[in-house]
Amino acid sequence: NGNSSANTFVVSNFGTTDYYNLTINSTDGSTDIYQFGAAIAVAGNFTNTAGTFDLAQYDFTVTGTEVNDSVIRLKGAQTISIGTHDIDSGTWQYKGDGDSAADTFTIKDFGSTDYYNLTIDSTDGATDIFQLGAATTVANILTNTAGTFSASSFTLTLSGTSGTPFSNSGTF
């Protein structure tokens, strides 16, 4: 809304297929949050140019291409289905469910390169565990701010070439 303050907006659900194309482009930069109120299905392309796109606890389907230049936030238990996944920019942020109980969430496998930036920032602190469910490649930076990150028995590849490809203030 251009007021330079952080605001939260609910993304409307219209039924089986909610949008043909959906673009999130906050005029306040990355401060605004666009949150699901129900599962969302995009029949075409999804673009997140600016702002945080918060899936809350709901499923997300994109039949076409997903382009994420900002932040996509999820709890971790949702079903995510994406036709063509963007791996050259943006951050996927896992938050957990915020229920104060110890939970285990499996980090989504999107293919040969899974994430550009991946952030674990548990709302339950160290009690939630975020584990790999398959070999995972992060093209730029993996950040574990809060929570427990577990590679389990899977290979984690960090291929970032600038800065620090791994930052950990949680548990690894």
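Source: prediction; values computed, not measured.

Quick notes on the rules
- Residues numbered from 1 in each chain as written.
- Predicted model: local features only at pLDDT ≥ 70, side-chain atom pairs only at ≥ 80, totals over all residues.
- Heavy atoms only, no water.
- Helix = DSSP H or I, 4+ residues; strand = E, 2+ residues; numbered from the N terminus.
- Rg over C-alpha atoms; globule rule 2.2 N^0.38 Å.
- Areas by Shrake-Rupley, 256 points an atom, 1.4 Å probe, with all protein chains shown as cover.
- Lys, Arg positive; Asp, Glu negative; His and termini not counted.
- Charge placed at Lys NZ, Arg CZ, Asp CG, Glu CD.
- Phe/Tyr/Trp six-rings, centres within 6.5 Å; stacked < 30°, edge-to-face > 60°.
- Buried < 20%, exposed > 50% of the residue type's maximum accessible area, 1.4 Å probe, protein only.
- Polar contact = N/O pair within 3.5 Å; in protein donor to acceptor, adjacent residues only side chain to side chain.
- Contact = heavy atoms within 4.5 Å.
- Salt bridge = Lys/Arg side-chain N within 4 Å of Asp/Glu carboxyl O.
- Core = buried A, V, L, I, M, F, W, Y, C linked by side-chain atoms within 4.5 Å.
- Pairing = 2+ DSSP bridges.

Caption draft 1: Examining the overall build of the chain more closely. Secondary structure summary: the chain contains zero helices and 17 strands in total. Computed over its C-alpha atoms, the radius of gyration of the chain comes to 16 Å, within 12% of the 16 Å expected for a compact globule of 172 residues. For the chain, the C-alpha atoms occupy an extent of roughly 40 × 35 × 30 Å along the three principal directions. Accessible surface computed for the chain: about 7600 Å², of which carbon and sulfur atoms make up 48%. Computing the positive centroid from 4 side-chain charges and the negative centroid from 17, the chain places the two 5 Å apart.

Caption draft 2: Seen up close, the packing of aromatic side chains. Counting across every chain of the model gives 15 aromatic pairs. With 5.6 Å between their ring centres and 80 degrees between their planes, Phe 14 and Tyr 19 make a pair best called edge-to-face. Judged by relative accessible area, Phe 14 falls into the exposed class, the value being 58%. Among the aromatic side chains, those forming a connected cluster through ring pairs are Trp 92, Tyr 94, Phe 105, Phe 110, Tyr 115 and Phe 130.

Caption draft 3: Up close: the environment of Tyr 116. Mapped onto the secondary structure, Tyr 116 falls in strand E12 (residues 115-121). Of the residues examined, Tyr 116 reaches a relative accessible area of 23% and is grouped as partly exposed. Counting along the chain gives 23 residues from Tyr 116 to Ala 139, while the straight-line C-alpha distance between them is 4.6 Å.

Caption draft 4: Representation of the side chain of Asp 18. Looking at the element boundaries, Asp 18 is found in the loop between strand E1 (8-11) and strand E2 (22-25). Here the side chain of Asp 18 touches Phe 14 through a polar contact of 2.6 Å, landing on its backbone nitrogen. Within the structure, the side chain of Asp 18 is placed 2.8 Å from the backbone nitrogen of Ala 41, a separation counted as a polar contact. Excluding its chain neighbours within four sequence positions, the residues that come into contact with Asp 18 are Asn 13, Ala 39, Ile 40 and Ala 41.

Caption draft 5: A look at the pattern of salt bridges. Evaluated as defined, the whole model comprises two salt bridges. For Arg 73, the salt bridge goes to Asp 54, with nearest N and O atoms at 3.7 Å. Here the residue Arg 73 occupies a position in strand E8 (residues 71-74), and Asp 54 occupies one in strand E6 (residues 52-54), the gap between them amounting to 19 residues. Across the pair, exposure class does not vary: Arg 73 and Asp 54 are buried alike. Among the salt bridges present, the one from Lys 95 reaches Asp 121, with a minimum N-O distance of 3.1 Å. Here the residue Lys 95 occupies a position in the loop between strand E10 (91-94) and strand E11 (104-107), and Asp 121 occupies one in strand E12, the gap between them amounting to 26 residues.

Caption draft 6: Structural view of the nonpolar core. In this structure, Phe 53, Phe 60 and Ile 107 are the most contacted members of the largest nonpolar core, which totals 31 residues. Of the residues forming this core, the biggest block, three residues, is contributed by E12. Those residues in contact with Phe 60, other than ones at most four positions away along the chain, are Phe 36, Ile 40, Val 42, Phe 46, Phe 53, Leu 55, Thr 79, Ile 80 and Ser 81.

Caption draft 7: Broad picture of the pairing of strand E7 (residues 60-68). In this structure, strand E4 (residues 40-42) lies alongside E7, joined through three bridges in parallel fashion. Note on E7: the bridge partner recorded for Ile 40 is Phe 60. As paired elements, E7 and strand E9 (residues 80-85) share five bridges and run parallel to each other. If you follow Thr 65 over to E9, its bridge partner there is Thr 84.

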